[in-house]
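Structural features, examined
One-letter residues, chain by chain:
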Amino acid sequence: MDNWYKLDNAALIFPMISDKQESSSYRLAAVLHEEVDKEILRTALKKALIRFPMYCVKIKKGFFWHYLDVNKSETLIKEENPKICYAIDFKEQNDFLFKTSYYGKRISMEFFKSVLFEYFTLIGHKISNNGEILTENVEQLLDEDQDDFKYNYKKNIKKTETEKNAFLLKGKRYHNNWAGIISVIMNLESL
């Protein structure tokens, strides 16, 4: 990938509205049966990124708009921070727009199945792939990097049903509005 990508319509506003208080980030995690090997995870991430060139970018400011440019830096894998879903410090991530972390038996990141597939393959597991897991051997479709907004938006469709408000967590906020995680393992019988 040696070209730049313009941001789609929805992504144009993201750089302007995201800040340390409202990161708009999310995280998926998998808990394995064994401790995570950082170097194998690094290799798995590199292999998975071959299939996802759109993740190998950094955001740049253009004359009028932001755009995505090729990022040839090394992807970073760090031990998990107790703060979860906090705003990504792009400089801290070598300008990548995602984070990959591990802790003990847990791997956490934003794009997921492909990296887990590569990781398990590298540690010797035989996993069949019927095409549902996107790897470098699964053909990339032309529309994977297209602006879905202009193809899926239908101005004539009206919202017909009302939705309930989302559940809001109450309690004391952490400094700088970051979220934390508490993991508990307990016997199901006693619960």
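Above this note sits the structure.
These remarks concern the structure in this document. (Residues numbered from 1 in each chain as written. Predicted model: local features only at pLDDT ≥ 70, side-chain atom pairs only at ≥ 80, totals over all residues. Heavy atoms only, no water.)

1. Brief notes about the nonpolar core
The following threshold applies: Nonpolar core, defined: a set of buried Ala, Val, Leu, Ile, Met, Phe, Trp, Tyr and Cys residues in which side-chain atoms within 4.5 Å join the residues together. Only protein chains enter the accessibility calculation, which uses a 1.4 Å probe. A residue is then buried if its area is under 20% of the maximum for its type, exposed if over 50%, and partly exposed in between. A run of DSSP states H or I qualifies as a helix once it reaches four residues; a run of E qualifies as a strand once it reaches two. Both are numbered from the N-terminal end. Working rule for contacts: check all heavy atoms of both residues, and any pair within 4.5 Å makes them a contact.
Grouped together as the largest cluster of nonpolar side chains are 21 residues, with contacts concentrated most on Val36, Leu41, Leu45, Ile107, Phe111, Val115 and Tyr119. Elements that contribute at least two residues to this core include exactly helix H2 (38–51), strand E7 (106–109) and helix H3 (113–122). A total of five residues in this core trace back to one element, the largest contributor, which is H2. Not counting the four nearest positions on each side in its chain, Tyr119 is found in contact with Leu32, Glu35, Val36, Asp37, Ile40, Leu41, Ala44 and Ile107.

2. Let's talk about H3
Buried within H3 we find Ser114, Val115, Leu116, Phe117, Glu118 and Tyr119. Where H3 is buried, its residues contact strand E2 (28–31), H2 and E7.

3. Concerning the sheet that holds E7
We apply this condition: Note on pairing: DSSP must find at least two bridges between two strands before they are called paired. Fitted lines through C-alpha atoms serve as axes, helices being fitted only where they are in contact, and the angles separating the N-to-C directions of these axes extend from 0 to 180 degrees.
Taken together, four strands build an open sheet; the order of strands is E2-E7-E6-E5 and the sheet is mixed. Every other strand in the sheet has two partners, leaving E2 and strand E5 (78–79) as the edge strands with one partner each. Two elements, E2 and E7, share four bridges in a ladder whose sense is antiparallel. Directly across from Leu28, in E7, lies its bridge partner Met109. Seen against the sheet, H2 touches strand E6 (100–103) and E7 and runs at an angle of roughly 155° to E6.

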